[in-house]
Amino acid sequence: MAATMTEAPEQVRKRLALIEARKRGVQAPIRPPNPYAASFIAFLRDCCWTIDKAMAGKARPWPRGIEHGISWDDYWADLDAALLGCAAPLLIDKTRRTMISNVLCAFELWLAAGGHDPRWPVLEESQANRLIIIQAQKMGKNKSDEGCAAEFVAREEAMYHLMVEQGLRQRWPGFPQFTWGFGWGTASNGSKIVAVGEGPDQIRGPGPTWLRMEELAAWEQAQATCAVAMPALYPYGRACAVTTASAGTYAHRIRNGEISTGRTVTPEPPKTRVLPLTIKGDWHHLEIRGEKHIPGYEPGKVGAGMPSQDFRREVLGDWSASSGKLVFEEYGDVHEPNTALPFDPARVLLCGWDLPAATGGTPAFACAQLSPRGQLLVYGSLLPGVEESLGPLSFAMRVGDWLMATFCAPLGLQLCDLKLEHYADPAGDQVPIRGGVSNARLELRSAYDEIRDGEQIELPDGTIIERPGMGWQMQPGEVTARGRFAAMRQRLSTLIGGAPAIVLSPKATYLREGVRGGYHYAQRTDGQYELDPAKNRHSHPQEALQYLVSRCHLHVADPDPRAAYLEQMRRSQPTGRVAGVRGR
């Protein structure tokens, strides 16, 4: 009796519960969890089958082992690590025919069935009543609309029936029964799989367990949808965006690490074996390239018959390629030297500006220099960050810092030592209209005026101070897009002494990406292309470069020392040719 009195209250409760259970005869054995419910990779390898349409619809078990020197097992292990170990939103940056869609279909079936893993702690709390949403650019009109959200649900339905035929319930007896319809599937454990089209309104309401955003780069409302999705998933749900490359898109900005609110710290991603998994702003980024990671992958066969832009995007994973129509099809590898471009401080540095009009906008800057032979050497560009809002003078001051770091510091010069000439968007010369609530004491100035003379700022106490300008005088560039495009095309299609008349420095990465595809005509739903280039992060520096190029013919390259003699000789010949002398 004394021994019993010394027991802790918790031990007493356990003893009483055990006695009561024995009285009722309810002492049930503890069952270990099903190995396939507790391991997605085991489920994938042993329970999942695929239909190989190339082999007349033959059902095949999931690939494993080593083929062509590449391990399937490492590939599946890395996908397992990314899907379950990434607490931040995951962007899967893939090329075609890498089996990612099939893997995600299997993963979503595993989730809906009650799969659980300690790397995603909330899955250990409940194995029922989960909501899985598959979102694509379009919902689709029938199950066979390829690439639409409903078609992915149809794939999961087909995969489910095939797995059942191949003995799924013998391996996982508790796997729930599924009922399927157009764009939905419901499980007997209360879980649901739902297909929706793009748009923020499609995912408002109760947060899902899992959200897959298929081919995010193709979405018109990608940014708005993600802005709603992330708070809806917080704190337990997870999101995965899947896409092939496409320049100038919201997915491209995610891939470049430009989407970062700074409000939270992105957790470190799990370690992987072969697939690069890194932090990009608020996201985790998983890169998959068929040629590197898929056994027997042959880009030439996978992309046979594809247009060049589509081949670069979908087979090579080239983020400088676009799904739209190129603005400058004349641009190519010849315009991209592999070595740094020379800079001569004794020569004029040409500066192009895309400046906001009185109604506001995003400023951008590009700079170049004419070589002695007349070749235009483009050094780079600058624009504000994604979340930044900079006025003309603030942006000009940043440009000054960039010029100092890029050109002055390496040569021990000051900014005033550079011979700068500026050509800008003519809209930047517009003076804003005074609003009804603005201070009448403040002088309204155009972007041109602010950069040259400075701006007035009103302090909280009503005091007005003058912020000095940079002293740079802007000259208007070509106002019409037609004129600017013609100037660019003339440069791109002209050779000077066997070399292209314009080249872009290896450091001008953003300009290169833009002219290769980020700056493009978007394709409409009817298959036609827009008449004006798409407005995006690439369009602003491209237009800054165009203002520069449209006026750089005003600068004559250093004269050839033989030019006067040759011109005199040509005029003396009736045919205009000089015997024995080759013109340059």
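We now turn to the structure provided with this report. Just so we're clear, the structure is a prediction, and the values are computed from it rather than from any experiment.

Rules and cut-offs
Residues numbered from 1 in each chain as written. Predicted model: local features only at pLDDT ≥ 70, side-chain atom pairs only at ≥ 80, totals over all residues. Heavy atoms only, no water. Pairing = 2+ DSSP bridges. Helix = DSSP H or I, 4+ residues; strand = E, 2+ residues; numbered from the N terminus. Axes fitted to C-alpha atoms, helices over the stretch in contact; angles between N-to-C directions. Contact = heavy atoms within 4.5 Å. Core = buried A, V, L, I, M, F, W, Y, C linked by side-chain atoms within 4.5 Å. Buried < 20%, exposed > 50% of the residue type's maximum accessible area, 1.4 Å probe, protein only.

### Digging into the sheet that holds strand E11 (residues 238–243)
The strands that make up a sheet are held in pairs by hydrogen bonds between backbone atoms, and each pair lies either parallel or antiparallel.
Okay, step 1: Taken in spatial order, the 9 strands line up as E7-E8-E9-E6-E10-E11-E5-E13-E12 in an open sheet, and their pairing is mixed. Bordering the open sheet on either side are strand E7 (178–181) and strand E12 (277–280), each of which pairs with just one other strand. Each strand axis lies, on average, 20° off the axis of its neighbour in the sheet, ignoring direction.
Okay, step 2: Direction of pairing for strand E6 (residues 131–136) relative to strand E9 (residues 192–197): parallel, over a ladder of 6 bridges. Paired with Leu 131 across the strands is Lys 192, a residue of E9.
Okay, step 3: Contacts from helix H4 (residues 72–85) reach strand E5 (90–93), strand E10 (210–214), E11, E12 and strand E13 (283–287) within the one sheet, and its direction differs from that of E11 by about 135°.

### Examining the nonpolar core
Across soluble globular proteins, nonpolar side chains have a tendency to be buried as a group.
Okay, step 1: Core analysis: the largest hydrophobic core is formed by 64 residues, its most contacted members being Phe 40, Phe 43, Trp 76 and Leu 83.
Okay, step 2: If one sorts the elements of this core by residue count, helix H5 (residues 100–112) sits on top with 10 residues.
Okay, step 3: The contacts of Phe 40, once residues within four sequence positions are left out, are Asp 80, Leu 83, Leu 84, Val 103, Ala 106, Phe 107 and Trp 110.
Okay, step 4: Ala 364, Leu 370, Met 488 and Tyr 521 belong to the second largest nonpolar core, which has 29 residues in total.

### Let's talk about the sheet that holds strand E15 (residues 349–354)
Okay, step 1: Strands sit in the order E21-E18-E15-E16-E17-E24 across an open sheet of 6 strands; the sheet is mixed. Two strands lie at the open edges of the sheet, namely strand E21 (474–476) and strand E24 (502–504), each paired on one side alone. When strand polarity is set aside, the average angle formed by the axes of neighbouring strands in this sheet is 30°.
Okay, step 2: In the sheet, strand E16 (residues 364–370) pairs with strand E17 (residues 376–382) via 6 bridges, with the strands oriented antiparallel. If you follow Leu 370 over to E17, its bridge partner there is Leu 376.

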